[in-house]
Amino acid sequence: MQKVVLAYSGGLDTSVAIKWIKEKYDMDVVTLTVDVGANDRDLESIRKRALEIGAVNALVRDVKEEFVKYFIWPALQAGALYEGEYPLATALARPLIAWNLVQVAREEGATAVAHGCTGKGNDQVRFDISVNVLAPDLKIIAPVREWRMTRDEEIEYAAQNNIPLLSVSQKRYSVDQNLWGRSIEAGPLEDPRNEPSEEVYEWTANPDKQPDNAEYVEIQFERGIPVALNGERMDGVTLITKLHEIAGRHGIGRIDHIENRLVGIKSREIYEAPAAIVLHRAHRWLEDLTLTKDSARFKTRVAAEYGDLVYNGLWFSPLHQDLAAYVASSQRYVSGTVTVKLFKGNVIKASCDSPKSLYNFALATYDKGDQFKHEASVGFINIFGLSLRNQSQIQLAGRTQGEMLSLASPDAISPDAPSEEVKK
Ligand code: ARG
């Protein structure tokens, strides 16, 4: 019998998938539960459940360390926030899960891998493209995309096949979570006119539960990577977990995003990412201190590209490899300490210091010790403004004061403007 390795979460979709694949494809199903952190269920019981439903083998892999080292930290260094908002927790985990599916498929001699994604989301794209790149010979089975059962039909199928249901209570929403964040969609959230009710949030305290006192947190970075919290050095998984708890208490990291999916749909997703938001802010402040103006500006463009390609499932792409090299290089002086003040959902900058800070007191100060050459500015402005003086003398001659006031208003574009000239 041929074998397939199924990415298994223990939820309804992938549980039904174990039976459905056996029936439809006549294959042995090996389940793989990839631990990317922030589990709210016991992984051993998930493993047992897979075997009870009929998997021939059920594996659990803890990949938290790799997730932080190869995925989260590089994305943080890149400043990758999709559409300026979403720290990409779900998107970053997919290529790592795909990598592990392929790895186990090889170990088990499987000819296919399977995942529980629907046919209208981003995750199917991320899984399929990653698997195609890593193992073009492996077939991909996506039961939920293929079977087209409604939720009720699925529950019916589960009942007929003795698949025990877990609590149906959280089924109002679709949730995906890992170390870097929690993504919540569907149900009442599908209508952007609905304010998310408080039950949506599990990692971040509601305003009435947030402490009335601010809390300071000091984060130390080395080359753009957080290495210590409040003076204590720790590994990445621990650092993120600790910061998550502190920032979550203060209600930090709630994001309500109408995002543009790769497949053309606008969708509304709520995110909770307390640690990610604090770290992105702190990292950015340290960059403000240590990157030159040009590097900083160029990097925001790289960040946007990087965020798009992660979101779009192109992790294993040459563009990613090349941008990652730029990002890593850009971080060589991004070392130092940032202290943030957490208060009622806000991350407030308290202080920032770096041995490689470009902030030069002798240049910046208005007090004694000022070394900036004030008189040199006159010549600088003369040259900097030269082209504009030239243009205004030629093209704006004779304009009234009133015309100058409304210069930037669309209806002030004069009749002798380009369109006339273009016609000639
Ligand atoms: N919209 C996010 C993304 O594409 C999260 C997708 C999974 N969300 C969920 N609630 N199951 O990365």
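Residues numbered from 1 in each chain as written. Predicted model: local features only at pLDDT ≥ 70, side-chain atom pairs only at ≥ 80, totals over all residues. Heavy atoms only, no water.

## Describing helix α3 (residues 64–78)
In this model α3 runs 20 Å from its N-terminal to its C-terminal C-alpha over 15 residues, within 8% of the 21 Å that 1.5 Å per residue would give. At I72, α3 shows its maximal kink, close to 35°; a proline, P74, follows between one and four residues later. Those residues of α3 lying buried are F67, V68, F71, I72, W73, P74, A75, L76, Q77 and A78. At the exit of α3 stands G79, carrying a positive phi of roughly 75°. (Helix = DSSP H or I, 4+ residues; strand = E, 2+ residues; numbered from the N terminus. Expected span 1.5 Å × (residues − 1). Bend = angle between axes of the 7 residues up to and from the residue. Buried < 20%, exposed > 50% of the residue type's maximum accessible area, 1.4 Å probe, protein only.)

## A word on the nonpolar core
If you look at the biggest cluster of nonpolar residues, it comprises 79 residues, and the most contacted ones within it are W180, L279 and V340. It is helix α4 (residues 89–108) that provides the largest number of residues to this core, a total of 11 residues. The contacts of W180, once residues within four sequence positions are left out, are F67, I72, W73, L76, P87, A89, L92, I240, A273, A276, L279 and H280. With 26 residues, the next largest nonpolar core counts L43, I53, A55 and W147 among its residues. (Core = buried A, V, L, I, M, F, W, Y, C linked by side-chain atoms within 4.5 Å. Contact = heavy atoms within 4.5 Å.)

## Comments concerning the pattern of salt bridges
Counted under the stated rule, the structure contains 24 salt bridges. A salt bridge links R193 to D191, with the nearest nitrogen and oxygen atoms 3.1 Å apart. Under the relative-accessibility criterion, R193 is labelled exposed at 74%. One network of salt bridges, in which partners are shared, links R94, D123, R126 and D176. (Salt bridge = Lys/Arg side-chain N within 4 Å of Asp/Glu carboxyl O.)

## Details of a negative patch on the surface
A surface patch of like charges, here negative, comprises E83, E85, E305 and D308. Along the chain, D308 turns up in helix α10 (residues 293–311). (Patch = residues over 30% accessible without salt bridge, like charges linked within 9 Å, V, L, I, M, F, W, Y side chains within 5 Å. Areas by Shrake-Rupley, 256 points an atom, 1.4 Å probe, with all protein chains shown as cover. Lys, Arg positive; Asp, Glu negative; His and termini not counted. Charge placed at Lys NZ, Arg CZ, Asp CG, Glu CD.)

## Describing the side chain of K299
You can see K299 is positioned in helix α10. Classification of K299 as buried rests on a relative accessible area of 4%. Residue contacts for K299: discarding those within four places in its chain leaves Q77, A78, G79, H283, E287, L291, Y326, S330 and Q331.

## Quick word on a nonpolar patch on the surface
Together, F380, I381 and F384 give the surface a local cluster of nonpolar side chains, amounting to about 390 Å² of exposed area. On the secondary structure map, F384 appears in helix α13 (residues 376–384). Relative accessible area serves as the criterion here: at 65%, F384 is assigned to the exposed category.

## Digging into the sheet that holds strand β5 (residues 139–141)
Backbone-to-backbone hydrogen bonds pair the strands of a sheet. The strands run either parallel or antiparallel. Spatial strand order, β3-β2-β1-β4-β5: five strands in an open sheet with parallel pairing. With partners counted over all chains shown, the strands left at the sheet margins are β3 (57–62) and β5, one partner each. The sheet shows a mean angle of 25° between the axes of neighbouring strands, direction not considered. Relative to strand β4 (residues 112–114), strand β1 (residues 3–7) is paired through three bridges, and the arrangement is parallel. (Pairing = 2+ DSSP bridges. Axes fitted to C-alpha atoms, helices over the stretch in contact; angles between N-to-C directions.)

## A short note on the environment of V327
In this structure, V327 sits in helix α11 (residues 318–330). Residue V327 is classed as buried on the basis of its relative accessible area of 2%. Separated by 248 residues in sequence, V327 and G79 place their C-alpha atoms 9.2 Å apart. Setting aside residues no more than four positions away along its own chain, V327 makes contact with P74, Q77, A78, V302 and Y306.

## Some points on the packing of α10 against α11
Interaxial distance between α10 and α11 falls to 10 Å at its minimum, and their mutual angle equals 145°. When you trace α10 past α11, the crossing you get is left-handed. Residues S295, F298, K299, V302, E305, Y306 and L309 of α10 pack against L319, H320, L323, A324, Y326, V327 and S330 of α11. In terms of residue class, the contact of α10 with α11 is built from nine nonpolar, three polar and two charged. (Left-handed = near helix turned anticlockwise from the far one by under 90°. Nonpolar A, V, L, I, M, F, W, Y, C, P; charged D, E, K, R; others polar.)

## Looking at the site of the ligand
Of all residues adjacent to the ligand, which total 15 residues, the nearest are Y86, N122, S174, E259 and E269. Contacts to the ligand include S174, whose backbone N or O atom sits 2.7 Å from a nitrogen atom. One of the side-chain nitrogen or oxygen atoms of E259 is found 2.6 Å away from a nitrogen atom of the ligand. Considering the ligand on its own, with 340 Å² of exposed area, one finds that the protein chains cover 93% of that surface. Going through the elements one at a time, α4, α5 (123–134), β6 (174–178), β7 (181–185) and β12 (266–272) are the ones with two or more residues in the shell around the ligand. Ranked by residue count, the leading element in the shell around the ligand is β7, at three residues. (Near = heavy atom within 4 Å. Polar contact = N/O pair within 3.5 Å; in protein donor to acceptor, adjacent residues only side chain to side chain.)

## Section: the UniProt feature "domain: Arginosuccinate synthase C-terminal" (unreviewed entry) in the protein
Under the UniProt annotation, the feature "domain: Arginosuccinate synthase C-terminal" (unreviewed entry) is placed at residues 173–389. Within the segment residues 173–389, helix and strand shares are 37% and 25% respectively, and the terminal C-alpha atoms sit 60 Å apart. (UniProt positions renumbered as here; feature names shortened; annotations may be inferred.)

## Structural notes on the packing of aromatic side chains
Per the stated rule, a full pass over the model turns up 10 aromatic pairs. Between W20 and Y25, the aromatic rings sit 6.1 Å apart at their centres with planes inclined by 65°, giving edge-to-face as the arrangement. Overall, the relative accessible area of 10% leaves W20 in the buried class. With a relative accessible area of 25%, Y25 lands in the partly exposed category. Centroid distance F67 to F71: 6.4 Å. Interplanar angle 45°. Geometry classified as tilted. Here F67 and its partner F71 are both found in helix α3, four residues apart, which amounts to about one turn of the helix. For the pair F67 and F71, one class covers both residues: buried. A cation over a ring is seen here: R126 above Y311, with NZ or CZ 4.9 Å from the ring centre. (Phe/Tyr/Trp six-rings, centres within 6.5 Å; stacked < 30°, edge-to-face > 60°. Lys NZ or Arg CZ within 6 Å of the ring centre and 35° of its normal.)

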